[in-house]
Amino acid sequence: MVSGTLETGQGSGLATGENRPAERRILDHAHWRPSANPWAIAISVMTATFMVVLDSSVANVALPHIAGSLSASTDEATWVLTSYLVSNAIMLPATGWISRRIGRKRLLTLSIILFTVASMLCGMAINMPMLILARILQGVGGGGMQPLAQSILLESFPPVEHGKAMAVYGAGIVVAPVIGPTLGGWITDSYSWRWIFYINLPVGVLAFFLAGIFIEDPPYLRARFQGRIDALGFGLMALWLGTLQLVLDKGQEADWFEADWIRWTMAISCVAFIAFVARELRHREPIVQLHVFLNRDFAVGTLITGLYGVVLYSTTALLPLFLQTLLGYSALDSGLAVSPRGLGSMASMVIAGMIANRVDSRLLLAFGFFVLGASTLMLSYVNLGIAMNSVVVPNVLNGFAGGFIFVPLTTLAMSRLRKEEVGNAAGIYNLVRNIGGSIGIASATAFLVRMGQVHQNYLGANLAPPDASVSGAVRGLAGHLAVSGTDPVTAQHKALGAVYRLLQQQASLMAYVDSFRLLGYLSLLCIPFVLFFRPPKRGAGAEPGVHAGE
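Quick look at the confidence of the model for the protein now. When the pLDDT values of the protein are averaged, the result is 80; 85% of them are 70 or greater. Across the protein, the element-wise mean pLDDT spans from 37 in helix 1 (residues 2–11) up to 92 in helix 19 (residues 361–378). Counting contacts from residues 1–28, a segment whose pLDDT is below 50, to residues more than four positions away or on other chains yields 19 contacts. Of the regions scoring below 50 in pLDDT, residues 539–550 engages in 39 contacts with residues more than four places distant in sequence or in other chains.

Written out as structure tokens, the structure is:
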């Protein structure tokens, strides 16, 4: 594959004697392998990454406890999540540029230190402003972990084992958000919400020492990059990502575009995004190298991972909400019902990693989206009388689909990029998946509320007192209450209230059914996009590095 690069240079008259050192550097970069065992490196980076991804979801269930402990309202407590997501989103695409400047190993260790110290400050918080500030620092420290782990794994494992590398990476990225709410609920109920942050301390110390022992920078990162900081580009990136995340996180509370500040914030985000793209395309040393989108496989893979983020995060958010609000599950019970999804994900990650080099990745990807769509459609048949098994089985299948999506999708998207481009591309790739997840959660929540209102209107139109079944039910309930000692007027009011609550339950149920059905169809619509990928490269000697511009 490297020979293909050299032949291209000769054909264009570039392979002169003075260019041979550059060719030699390309050869060195293409065949470089770390001195440590790849599996030791995988354990090192995934220890830190799993901790970060787990922490992004473990705090969700503790918000009421945090609000009560710090004398804050529930709305104020949601800033604990928003502040983390905003700072995390800003760091994701900047990771590639920072690692080129200070080195990947140094950035990883600094990120681990910052995240661990910020976790300690979160646990020690005495008021809400201190906690929010500590969460911002947590987001800054954790934002670079995912793209760093992905790029380190892709460079540490040979190309024929990239499927295994992405299976290890996917196990942390996909499984951690599933078990996070359950673990957070158990810790909060059994101990205190502060311990969901304190548990990061020993893990962070272990990750720091492992990174120091096993991680090393590739040759092209050892030559210190001395380019000037694109302060304007970074500022524009921070502005559009921060405002976008703020709108997605707070939009439902403010009734979306009915609020003036939402409209203004979204307008600022759009303008900043356009200015950011224009700036990065023209700057000599951009914060984010957008030219990687010229690679068709990466562009298609990034689009698909955004859609996958919509489905994955929406389903993960809606199902516990359904179990708690309509079926009366506790936070721990709903977590136990959803957690088997992680078992399916773990199993499929192992299987997909083992067969990734033997089966066409496009077939694995299509199979994964088919199972994801089918299992999500199974959830559209829920009702108010289902047992836990009716939730567990679709969840396991939903998680099982994850391995057959995540592993081949990441491998296909990154396989034709140069090694020097992988770090920058990994930041963009993870950012798009996270933004897709934020859009999915925001859209699913808004859709759920709107469809609940629609169904309530339709059901209410057919639920009028003149209807014999309605009047009979009201009389029966009122009579039962009257027998128990309630006066006739109060009994009538309570009976009407009970019927109205039943109407609301059925309207909400129908809204959940519509949401799961829509997400199932969206999963199936991802299958045709698989056809836009080029056939995977074959051969043990295949190396990324010559197809970046295709």
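Applying the stated criterion across every chain, the model contains six salt bridges. Where Arg 534 meets Asp 297, a salt bridge forms, and the shortest distance between an N and an O atom there is 3.3 Å. Residue Arg 534 is located in the segment after helix 23 (488–525), and its partner Asp 297 is located in helix 16 (residues 296–325); the two are separated by 237 residues in the primary sequence. Grouping residues by exposure puts Arg 534 and Asp 297 together as buried. The salt bridge involving Asp 514 is made with Arg 517; its shortest N-O contact spans 3.6 Å. You can see Asp 514 and its partner Arg 517 sitting in helix 23, three residues apart, about one turn around the helix.

Evaluated as defined, the whole model comprises 14 aromatic pairs. Measuring from ring centre to ring centre gives 5.2 Å for Phe 400 and Phe 404, while their planes differ by 55°; the resulting arrangement is tilted. Taken together, the residues span about one helical turn, with Phe 400 and Phe 404 both in helix 20 (residues 389–414) at a distance of four residues. Given the relative accessible area of 5%, Phe 404 is considered buried. What links up through ring pairs into an aromatic cluster is the set Trp 240, Phe 273 and Phe 276.

Calculation notes
Residues numbered from 1 in each chain as written. Predicted model: local features only at pLDDT ≥ 70, side-chain atom pairs only at ≥ 80, totals over all residues. Heavy atoms only, no water. pLDDT = per-residue confidence, 0-100. Helix = DSSP H or I, 4+ residues; strand = E, 2+ residues; numbered from the N terminus. Contact = heavy atoms within 4.5 Å. Salt bridge = Lys/Arg side-chain N within 4 Å of Asp/Glu carboxyl O. Buried < 20%, exposed > 50% of the residue type's maximum accessible area, 1.4 Å probe, protein only. Phe/Tyr/Trp six-rings, centres within 6.5 Å; stacked < 30°, edge-to-face > 60°.

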